[in-house]
Amino acid sequence: NRSTLDLVGTGWTLMTGPRVGPWARVAQEIGVRSVPVTVQTLDAMTARTIGIRGAGAMLVRPDGVPVGQWSTISPGFSAVASGGSASPFAVVVPR
């Protein structure tokens, strides 16, 4: 068995439930333009345990601290994936 902290790498980690949806594409776009983002797909029970429901996701810093959580992909994320934002990381990381 592994802890979800074992899944956190040296860059940002986007944890999703089994329904990854467009999260992988968004993370790839952000990684190309800004900092590396690794997508970790969790099983339904693990995702639910850390608060990820349905098609949601959680963004985690390299030190394991969550910095954002979403219940679904939002229009802001779609804009990032399509190149509609000048600063995609600012859209992803809440202030």
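Since this is a predicted model, take the numbers as computed values, not measurements.

Draft legend 1. Region of the structure containing the nonpolar core. Counting residues in hydrophobic clusters, the biggest one holds nine residues: W12, L14, V20, W23, A27, V37, A57, L59 and W70. Elements represented by at least two residues in this core include exactly β1 (12-16), α1 (23-33) and β3 (57-60). Counting residues in hydrophobic clusters, the runner-up holds eight residues, among them L7, V8, I52 and V60.

Draft legend 2. Summary view of the packing of aromatic side chains. Tallied over the entire structure, the rule returns one aromatic pair. The interplanar angle of 40 degrees and the centroid separation of 6.1 Å between the aromatic rings of W23 and W70 together place this pair among those described as tilted. Of this pair, W23 sits in helix α1 while W70 sits in strand β4 (residues 66-70); the two residues are 47 residues apart in sequence, bridging distant segments of the chain.

Rules and cut-offs
- Residues numbered from 1 in each chain as written.
- Predicted model: local features only at pLDDT ≥ 70, side-chain atom pairs only at ≥ 80, totals over all residues.
- Heavy atoms only, no water.
- Core = buried A, V, L, I, M, F, W, Y, C linked by side-chain atoms within 4.5 Å.
- Buried < 20%, exposed > 50% of the residue type's maximum accessible area, 1.4 Å probe, protein only.
- Helix = DSSP H or I, 4+ residues; strand = E, 2+ residues; numbered from the N terminus.
- Phe/Tyr/Trp six-rings, centres within 6.5 Å; stacked < 30°, edge-to-face > 60°.

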